[in-house]
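So the chains spell out like this:
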Amino acid sequence: MACQKGYQVPAKLLQPMWLRSRESLTDNGLIYDPIATAACQKCQLAPECLSDNIDQQQLLHATLTFECDEYVKSFLKKHVNGWIVNVGAGLDTRFYRLDNGRCHWLELDINEHLLWRQRLFHANERYHMRCGSVTDTQWVKSIPIPDNVPILIVCEQTLLECSEQQVAHFIQMLGCHFNHAQACFVVAGDMCSTPLALKLGAGKYRHGISNPAQKFIGWLPWSQSVSVSSPIDKECNRWNVWQRWLAKLPFLKNRLTPIFVHITW
C-alpha cells in the first residue's frame, strides 16, 4: 500500500487500519476511527488488501475491535490511572480513541512496525512505544510500569500469527511475571480454515483452539476468571443471517472465527 508521501507501507500491517477506516464510513458502523480514515484516504490500496469477501472480513474485524474496545473502556472506568500494554500494536489507534486523559499506554511491536507507528503517531508522557512481541519477551524486564498498579494486557491480532505452543508460552510468561493483571486476547477457533469459516470472514491462522476457556485455565491454573465470547454474539443486524443459521448448530459458534478471551489472575 503506497501513501502520497511515497511510503510503501506493508499491506499486512495497514490492512487492519483500512478495515477500521471502511467501518468508520459505514452507516451505523460498530467503530469510528477518524485517524484510520484520514490516514487511509491518503493511500493507494495494494491488490492484496482486497478480496471477494472484504465486507464480511470488515464486519468480523470491526466486531472483534469493538469487543476489545469495550473491555478497555470497562477497565479504564474502574482504574482511571491504569496501564494498558498493547502487544503487537501494529497501526492500532485505540489509545487515541479511548484515552481518558489519565491512563498510561505502552505499545509493543517489532522494530519495523514501530518505525511506521512513529511516522503516524507521537509518544507523550503517558504514551510509550517499545520493541517487543509475543515471542521476544525481554520487554517484561524493562517496561516502565510501577509495582502494584492495575494492568490490562491487550493482544487483538498478534496471537493469530502464533502457534498454539507460542500462545501457551506467552500466557504462562505473563502469569509468572505479573502477580495480578487482566488480559484480552483474540485467538482462533479450531475450524477457522474451513470453507464455511472463510465465508464468515475468518482466515488461515497459525493455530486453532477448540476449547479456549479450558486451555487458558490449563495454561494459567491460578487464574481467577476466564470468559469467552464470539463475534457472532454481537447484537448487529449484519450478523443476523449467521446468527439464525448457527442457532441450529450452537457447538460451532466458538470454532469458526477468531474469538475473544478475557482472563484475570
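In what follows, the structure referred to is the one given above.
Calculation rules
The residue numbers shown here count from 1 along each chain, following its written sequence. Only residues with pLDDT of 70 or above have their local features reported here, since the model is predicted, and side-chain atom pairs are shown and tallied only from 80 upward, although totals for entire chains, interfaces and linings are computed over all residues. Side-chain measures here rest on the full set of heavy atoms in the structure, leaving out hydrogens and waters. Helix and strand assignments follow DSSP, with helices taken as H or I runs no shorter than four residues and strands as E runs no shorter than two, numbered in order from the N terminus. Here's how the labels work: a residue is buried when its accessible area is under 20% of the maximum for its type, exposed when over 50%, partly exposed in between, all with a 1.4 Å probe on protein chains only. Under the rule applied, a polar contact is a pair of N or O atoms within 3.5 Å (in protein, one hydrogen donor and one hydrogen acceptor; residues adjacent in sequence only if both atoms are side-chain atoms). The contact criterion used throughout is that any non-hydrogen atoms of two residues lie within 4.5 Å. Strand pairing is defined by DSSP finding a minimum of two bridges between the two strands. Note on method: axes are straight lines fitted to C-alpha atoms, helices fitted across the in-contact stretch only, with angles between N-to-C directions ranging 0 to 180 degrees. Residues belong to one nonpolar core when they are buried, are Ala, Val, Leu, Ile, Met, Phe, Trp, Tyr or Cys, and are joined through side-chain atoms within 4.5 Å. The aromatic pairing rule takes the rings of Phe, Tyr and Trp, using the six-membered ring of Trp, and pairs them if the centres are within 6.5 Å, calling planes under 30 degrees apart stacked, those over 60 edge-to-face and the rest tilted.

### Some points on the side chain of Asp-92
Tracing the backbone shows Asp-92 in the loop between β3 (83-87) and α4 (94-98). Residue Asp-92 is classed as buried on the basis of its relative accessible area of 5%. Among the polar contacts listed, one links the side chain of Asp-92 to the side chain of Asn-86, at a separation of 3.0 Å. Reaching out from Asp-92, the side chain makes a polar contact with the backbone nitrogen of Arg-94 at a distance of 3.4 Å. Leaving out residues up to four positions away in the same chain, Asp-92 has contacts with Arg-20, Asn-86, Arg-97, Glu-107, Arg-117, Phe-121 and Glu-156.

### A word on the environment of Trp-242
Checked against the element boundaries, Trp-242 lands in helix α9 (residues 240-246). The exposure class assigned to Trp-242 is buried, which follows from its relative accessible area of 17%. Separated by 60 residues in the primary sequence, Trp-242 and Gln-182 have C-alpha atoms spaced 31 Å apart.

### Section: the sheet that holds strand β5 (residues 127-131)
Spatial strand order, β5-β4-β3-β6-β7-β9-β8: seven strands in an open sheet with mixed pairing. Each edge of the sheet is formed by a strand with only one pairing partner; in this case those strands are β5 and β8 (225-229). Taking the axes of each pair of neighbouring strands and ignoring which way they run, one obtains an average angle of 20 degrees across the sheet. By the bridge criterion, five bridges tie strand β4 (residues 104-109) to β5 in an arrangement that is parallel. Note on β5: the bridge partner recorded for Asp-109 is Cys-131.

### Details of the nonpolar core
Core analysis: the largest hydrophobic core is formed by 49 residues, its most contacted members being Met-17, Val-72, Leu-76, Ile-84, Trp-105, Leu-152 and Trp-239. Among the elements that line this core, the one with the most residues is helix α3 (residues 54-78), at ten residues. Ignoring anything within four residues of it in the chain, the contact list for Met-17 reads Ala-36, Ala-39, Cys-40, Leu-91, Thr-93, Leu-120 and Phe-121. One finds Ile-143, Cys-155, Phe-178 and Trp-219 within the second-largest nonpolar core, a separate group that totals 34 residues.

### What to know about the packing of aromatic side chains
Under the criterion given, the structure shown has nine aromatic pairs. Aromatic rings pair up to connect Phe-95, Tyr-96, Trp-105 and Tyr-127 into one cluster.

### Some remarks on the environment of Ile-171
Residue placement: Ile-171 occurs in helix α6 (residues 164-177). You can call Ile-171 buried: its relative accessible area is 2%. A C-alpha to C-alpha distance of 7.2 Å links Ile-171 and Leu-220, two positions 49 residues apart in sequence.

### So, the side chain of Ser-163
For Ser-163, the position within the fold is in the loop between β6 (151-155) and α6. Ser-163 gets classed as buried once you look at its relative accessible area, which sits at 17%. Discounting chain neighbours no more than four positions away, the residues touching Ser-163 are Arg-206 and His-207.

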